[in-house]
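A structural walkthrough
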Amino acid sequence: MVSEAGTELHTEEYNWAGNLRYAAAEVREPRTVAELQDLVAGASRLRALGSRHSFNRIADTTGALVSLEHLAPAIEVDSGSMTATVSGGTRYGTLAAELQRQGYALHNLASLPHISVAGAVATATHGSGDRNGNLATAVAGLELVTADGGILTARRGDTPDFDGMVVGLGALGVVSSLTLDIEPAFPVVQTVFENLSWDQVLENFDDVTSSAYSVSLFTDWNGDRIGQAWLKARTEEAGGAERASFYGGSPAAEARHPIAGVSGSTCTQQLGVPGPWSDRLAHFRMEFTPSKGDELQSEYLVPREHAVDAIQTMRRLSHVVTPLLLVSEIRTMAADSLWLSPNYGTDSIGLHLTWRQDQPAVEAVLPAVETALAPFGARPHWGKLFDAGASRLAPLYPRFADFKALAGRLDPEGKFRNGFLDTKVFGS
Ligand SMILES: Cc1cc2nc3c(=O)[nH]c(=O)nc-3n(C[C@H](O)[C@H](O)[C@H](O)COP(=O)(O)OP(=O)(O)OC[C@H]3O[C@@H](n4cnc5c(N)ncnc54)[C@H](O)[C@@H]3O)c2cc1C
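Residues numbered from 1 in each chain as written. Predicted model: local features only at pLDDT ≥ 70, side-chain atom pairs only at ≥ 80, totals over all residues. Heavy atoms only, no water.

1. A look at the overall build of the protein
Along its length, the protein carries 12 helices and 20 strands. Rg of the C-alpha trace for the protein: 21 Å, near the compact-globule value of 22 Å for 428 residues, within the 12% margin. Looking at the protein as a whole, 58% of its 428 residues qualify as buried. Taking as baseline every contact in the protein between residues at least 6 positions apart, the subset at least 24 positions apart corresponds to 72%. Accessible surface, the protein as shown: approximately 16,000 Å² in total, 49% of it carbon and sulfur. With 34 positive and 50 negative side-chain charges, the protein shows a separation of 2 Å between the mean positions of the two kinds. (Helix = DSSP H or I, 4+ residues; strand = E, 2+ residues; numbered from the N terminus. Rg over C-alpha atoms; globule rule 2.2 N^0.38 Å. Buried < 20%, exposed > 50% of the residue type's maximum accessible area, 1.4 Å probe, protein only. Contact = heavy atoms within 4.5 Å. Areas by Shrake-Rupley, 256 points an atom, 1.4 Å probe, with all protein chains shown as cover. Lys, Arg positive; Asp, Glu negative; His and termini not counted. Charge placed at Lys NZ, Arg CZ, Asp CG, Glu CD.)

2. Quick look at the site of the ligand
In the neighbourhood of the ligand, 36 residues make up the surrounding shell, with A48, H53, S54, S116 and V175 lying closest. Between the ligand and S111 there is a distance of 2.8 Å, counted from an oxygen atom to a backbone nitrogen or oxygen. The backbone of V175 places a nitrogen or oxygen atom 2.7 Å from a nitrogen atom of the ligand. Contact with the protein chains hides 99% of the accessible area of the ligand, taken as 960 Å² for the molecule alone. Within the residue set of the shell around the ligand, elements represented by two or more residues are strand 3 (46-49), helix 3 (117-122) and strand 10 (174-181). The leading source of residues in the shell around the ligand is helix 3, at 4 residues. Among the residues forming the shell around the ligand, the class breakdown is 16 nonpolar, 16 polar and 4 charged. (Near = heavy atom within 4 Å. Polar contact = N/O pair within 3.5 Å; in protein donor to acceptor, adjacent residues only side chain to side chain. Nonpolar A, V, L, I, M, F, W, Y, C, P; charged D, E, K, R; others polar.)

3. Points about the layout of surface pockets
Considered as a void within the structure, the largest pocket measures approximately 320 Å³ in volume. Lining the largest pocket are 22 residues, and of these N56, R57, G419, F420 and K424 lie nearest its centre. Those elements giving two or more residues to the lining of the largest pocket turn out to be helix 9 (359-373) and helix 12 (419-424). No other element matches helix 12, which puts 4 residues into the lining of the largest pocket. Taken together, the residues of the lining of the largest pocket sort by class into 7 nonpolar, 8 polar and 7 charged. When we break the lining of the largest pocket down by domain, the ones giving at least three residues each are domain 1 (8-67) and domain 3 (187-387). Quantified by volume, the second largest pocket comes out at close to 240 Å³. Lining the second largest pocket are 17 residues, and of these G227, Q228, P258, A260 and V327 lie nearest its centre. Contributing elements (two or more residues each) for the lining of the second largest pocket: strand 13 (214-219), strand 14 (225-234) and strand 18 (325-333). (1 Å grid on protein atoms, 1.4 Å probe; cavity = no way out; pocket = protein on both sides within 12 Å on 5 of 7 lines; lining within 4 Å. Points joined across faces, edges and corners; volume = space filled by probe spheres on them. Domains from an automatic or database assignment.)

4. A look at the UniProt feature "domain: FAD-binding PCMH-type" (unreviewed entry) in the protein
Within this numbering scheme, the UniProt entry marks residues 20-185 as carrying the feature "domain: FAD-binding PCMH-type" (unreviewed entry). End C-alpha to end C-alpha, residues 20-185 measures 38 Å, and it is 19% helix and 27% strand. (UniProt positions renumbered as here; feature names shortened; annotations may be inferred.)

5. Focus: the pattern of salt bridges
Going through the model one piece at a time under the given rule, you end up with 21 salt bridges. The salt bridge involving E69 is made with R91; its shortest N-O contact spans 2.6 Å. Of this pair, E69 sits in the loop between strand 4 (64-67) and strand 5 (75-78) while R91 is found in the loop between strand 6 (83-87) and helix 2 (92-102), placing the two residues 22 residues apart along the sequence. In the salt-bridge network here, residues are joined through shared partners; they are E299, E329, R331 and K384. (Salt bridge = Lys/Arg side-chain N within 4 Å of Asp/Glu carboxyl O.)

6. Let's talk about the nonpolar core
Generally speaking, a soluble globular protein has its nonpolar side chains buried in company with each other. In terms of nonpolar packing, the biggest core is built from 112 residues, with L217, W221, W277, L351, W355 and W382 touching the most fellow members. Sequence-distant contacts of W277, defined by excluding residues within four places in its chain, comprise A96, L99, Q100, Y104, A105, L106, L109, A185, F186 and V188. Counting residues in each nonpolar core, the second largest holds 13 residues, with V145, A147, V174 and F416 among its members. (Core = buried A, V, L, I, M, F, W, Y, C linked by side-chain atoms within 4.5 Å.)

7. So, the side chain of E370
With respect to the helices, strands and loops of the structure, E370 is situated in helix 9. Looking at E370, its side chain comes within polar contact range of the side chain of Y300, at 2.5 Å. Once residues within four sequence positions are removed from consideration, E370 is found in contact with Y300, F386, D387, A388 and R392.

If you want it as structure tokens, here you go:
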């Protein structure tokens with residue numbers, strides 16, 4: 001259907017995993033920023049929708065959803081400032097291919113390239129790597145359509161609020177474009193090792209995670225072996241990928257998928273073959289369904305100093321979580337200064353869980369997982385399933401109150417508020 005304003009209207013829309021149907025009455029798809037401004041100004045309740053890859057109701061609203069998928073696509077590289085400016089709905093896969101074509105790179109990618117830049121940044125989506133901040137840390141500037149339909153532009157360093165605006169949870173307005181730091185393109189070599197020893201990995205955890213530019217460990221927490229380690233090495237750093245063994249594990253003989261029984265052909269190039277960063281830093285290839293599809297996800301970001309203790313805690317919870325799991329992933333991220341980033345102020349590890357798609361059973365075990373990880377100050381991923389509400393989240397974020405005040409200033413009438421924000425951010 002086409003509205004009077006010329007924008008597409010859709011109803012009965014679901015998220016990517018299909019585990020939730022948006023309550024929104026419609027999805028609007030403006031084709032210009034001016035059209036977007038009119039939509040925002042005229043709406044009483046509205047939320048920006050990215051590529052729908054979140055597993056909870058963070059993107060939902062009882063008003064209208066607005067997708068930027070059809071906003072005139074733009075990827076403008078500025079080689080002087082080494083930045084690229086992109087429209088908010090641009091997917092990382094599209095951006096990565098274009099940057100590589102022009103000889104540039106982003107510092108990192110998430111496991112999947114399918115997600116929109118604005119949606120990923122809004123939830124502090126991350127990849128892995130001891131020295132790599134999450135994807136939001138690459139944001140050097142952004143353009144926001146605010147509640148009154150006006151445009152607010154902000155650049156890193158220009159305003160003290162900038163660090164509060166980047167991981168915005170969609171609460172501050174609709175991000176129409178972002179300016180991201182870029183660097184010269186770099187080749188990457190990816191190798192998967194299988195069947196590692198938990199004892200060896202935990203005794204040498206810092207060496208394990210620093211052995212390549214990006215390291216991921218895949219486990220079901222059960223037993224004394226770790227299923228897989230994925231090492232993504234910049235070829236100029238080499239090292240890890242050329243090893244004959246890795247903490248008790250051996251190199252995989254063919255391409256692997258993190259989930260047992262799923263073909264490795266849907267994953268990015270492995271087996272030590274060097275190639276562009278854009279084809280190696282994500283785990284999953286753009287042209288296939290990432291991960292499994294029929295799944296749910298949760299993730300807890302834990303300060304690096306507690307890494308080994310938190311991992312041992314998860315292993316002790318194996319009897320609770322393993323029966324519901326497709327796979328778990330352990331990654332690392334560098335500290336940042338973004339107010340609502342789960343990596344705020346601390347190097348972190350991510351304890352990620354890809355669940356079977358049984359939401360009542362998953363929601364029944366989340367409180368046990370969160371209670372067990374609470375002593376480590378674990379912060380949940382904003383885009384995945386978690387139990388904690390605002391009263392438990394607020395003490396974990398030193399700038400939580402500042403974020404609420406910023407949202408109050410930018411959106412005084414609560415146009416961008418939704419049930420998720422009411423419970424997880426603004427509730428008591
Ligand atoms: C298979 C799979 C693999 C994943 N792998 C990873 C991973 O490796 N690392 C990781 O950290 N996460 C991962 N995730 C989670 C995912 O990255 C986040 O949920 C991310 O937010 C999804 O982005 P999206 O574009 O789909 O946003 P949506 O889910 O559509 O929206 C998320 C939030 O962003 C806001 N938003 C979207 N667009 C805008 C805009 N233009 N302006 C303002 N706010 C906006 C929405 O309002 C909402 O609050 C994965 C998810 C899936 C399904």
